[in-house]
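For reference, the chains in residue letters:
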Amino acid sequence: MTSGHTDCHFCLQSLRGRKYALREENAYCVPCYDSLYANPCEECKQPIECNSKDLAYKGRHWHEGCFRCAKCSRSLVEKPFAAKDEVLLCTECYSDEYSSKCFHCQKTIMPGSRKMEFKGSSWHESCFVCQYCRQPLGTKPLITKDNENYCVPCFEKKFAHHCYACKKVITSGGVTYHDQPWHKECFVCAGCKTQLSGQRFISKDEYPYCVDCFSRFYAKKCAACKKPITALGGAKYISFEERQWHGECFNCAKCSVSLVGQGFLTRQDDILCHKCGSA
C-alpha cells in the first residue's frame, strides 16, 4: 500500500513511494511492521509477514501454505477440519484415527452419520441388520448368536427348539426327554397331568408317568401286601408262577421267616419254609 503518510511511525524513514501497513492509524514500513507485529507461524515458526495471508484458529496463526493436516499434509485452507489435542486434522484422517469402526464392515463411521450401538460395539445403520432376513434391526428386539444378530422371528425359525408336546418355541429352559425338547410346563404325567420337571418318573411306551400313576396303571401287585412293585430305588422282588412279591414280603406264611434265597414249598396260595411245610 502506498499513501500520503510521510514517515514510518517506528523508524521515522520516509514512506514516499514505499509500501506500508497501518496499525491503530499509524503507518509502518513493511520491515518495521513485520518485526513489531507479525505473528509467528505455528508450523514453521517464521513470522507471517504482512504481504502473506495469516490464517488464525483459536489464537494460533499459520501461513497459508503451512495450514495442513498433521497426518496426511493436505491443505486445510477453506476445507473442514477437526482439532485433537491442538493438532489439526482433515475430517478423513480424524475419522480414521478417532471415529468408531463398524463392527460388521470394519469401516469408519463418519462424523455426522447415524450409528447403532449394541453391547459396546458400533455399526453403520445400514450394517445393523438381521443376519438371516437382512432387514434393519433398528431398536427391534434381537438375539445374538456367534457374534451375528438376528431378529426374534428369524432366530426362532433358524435356531430355536420347538416343544414336542405343544410345538411352540422354547425360549428358555426346557426339558429333554427321549432326545426331544419340551417346555417344563408341558412335560407332564401322561396319567394325571402333574408336571414332572425335577420329579421322579417312569417311562412306559415313550410316555412319562409319575410314580403313583405308573404304579396304579402298570405295576405288578405284591401277592403278600397287595401294594405295587415299582422296583424304584433298586428294590428287589421275587417272581414265581405268575405271582410277584416284594423282597421283604417273600416270607413263610406260617413262621414269617424270609424265604429270599431259600428253598420253599407251596400249599394252595401260601408259600412255606421247608420246616413248616413238612410239619
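Bear in mind that the values here come from a model prediction, so they are computed numbers and not experimental data.

Asker: Help me out: how do you make sense of the domain arrangement of the protein in this one?
Answerer: By a widespread convention, an interface's size corresponds to the accessible area lost as its parts come together. Domain parsing of the protein yields domain 1 (20-89), domain 2 (97-159), domain 3 (175-217) and domain 4 (234-278). Distance between the C-alpha centres of domain 1 and domain 3: 85 Å.

Asker: Just checking my understanding: could you explain unusual backbone geometry for this structure?
Answerer: Across residues other than glycine, the phi torsion is negative in most instances, and most of the peptide bonds are trans. Of note in the backbone geometry, Glu86 takes a positive phi value of approximately 70° without being a glycine. Classification of Glu86 by relative accessible area gives exposed; the value is 62%. The phi dihedral of Arg134 is positive, around 65°, even though this residue is not glycine. For Arg134, a relative accessible area of 42% puts it in the partly exposed group.

Asker: Just checking my understanding: could you explain the UniProt feature "domain: LIM zinc-binding" (unreviewed entry) in the protein for this structure?
Answerer: Cross-referencing UniProt, the feature "domain: LIM zinc-binding" (unreviewed entry) maps to residues 39-99, 100-161 and 220-279 in the present numbering. Taken end to end, residues 39-99 comprises 13% helix and 26% strand; its first and last C-alpha atoms sit 33 Å apart.

Asker: Explain the packing of aromatic side chains to me, please; I cannot follow it from the model alone.
Answerer: By convention here, two paired aromatic rings are described through the distance between centres and the angle between planes. Enumeration according to the criterion identifies 23 aromatic pairs in this entry. Considering the side-chain rings of Phe155 and Phe159, the 5.2 Å spacing of their centres and the 45° angle between planes classify their relative orientation as tilted. Here Phe159 falls in the partly exposed class, since its relative accessible area comes to 26%. Plain terms: the ring middles of Tyr209 and Phe217 are 6.5 Å apart, the flat faces sit at 80° to each other, and that makes the pair edge-to-face. Judged by relative accessible area, which is 9%, Tyr209 ranks as buried. A connected cluster of aromatic rings, assembled from ring pairs, spans Tyr164, Tyr177, Trp182, Phe187 and Phe201. In this structure, Arg23 packs its charged tip against the face of Tyr37, placed 4.1 Å from the ring centre. One residue, Lys167, lies across the ring of Tyr164, its end atom 4.8 Å from the ring centre.

About the criteria used
Residues numbered from 1 in each chain as written. Predicted model: local features only at pLDDT ≥ 70, side-chain atom pairs only at ≥ 80, totals over all residues. Heavy atoms only, no water. Domains from an automatic or database assignment. Buried < 20%, exposed > 50% of the residue type's maximum accessible area, 1.4 Å probe, protein only. UniProt positions renumbered as here; feature names shortened; annotations may be inferred. Helix = DSSP H or I, 4+ residues; strand = E, 2+ residues; numbered from the N terminus. Phe/Tyr/Trp six-rings, centres within 6.5 Å; stacked < 30°, edge-to-face > 60°. Lys NZ or Arg CZ within 6 Å of the ring centre and 35° of its normal.

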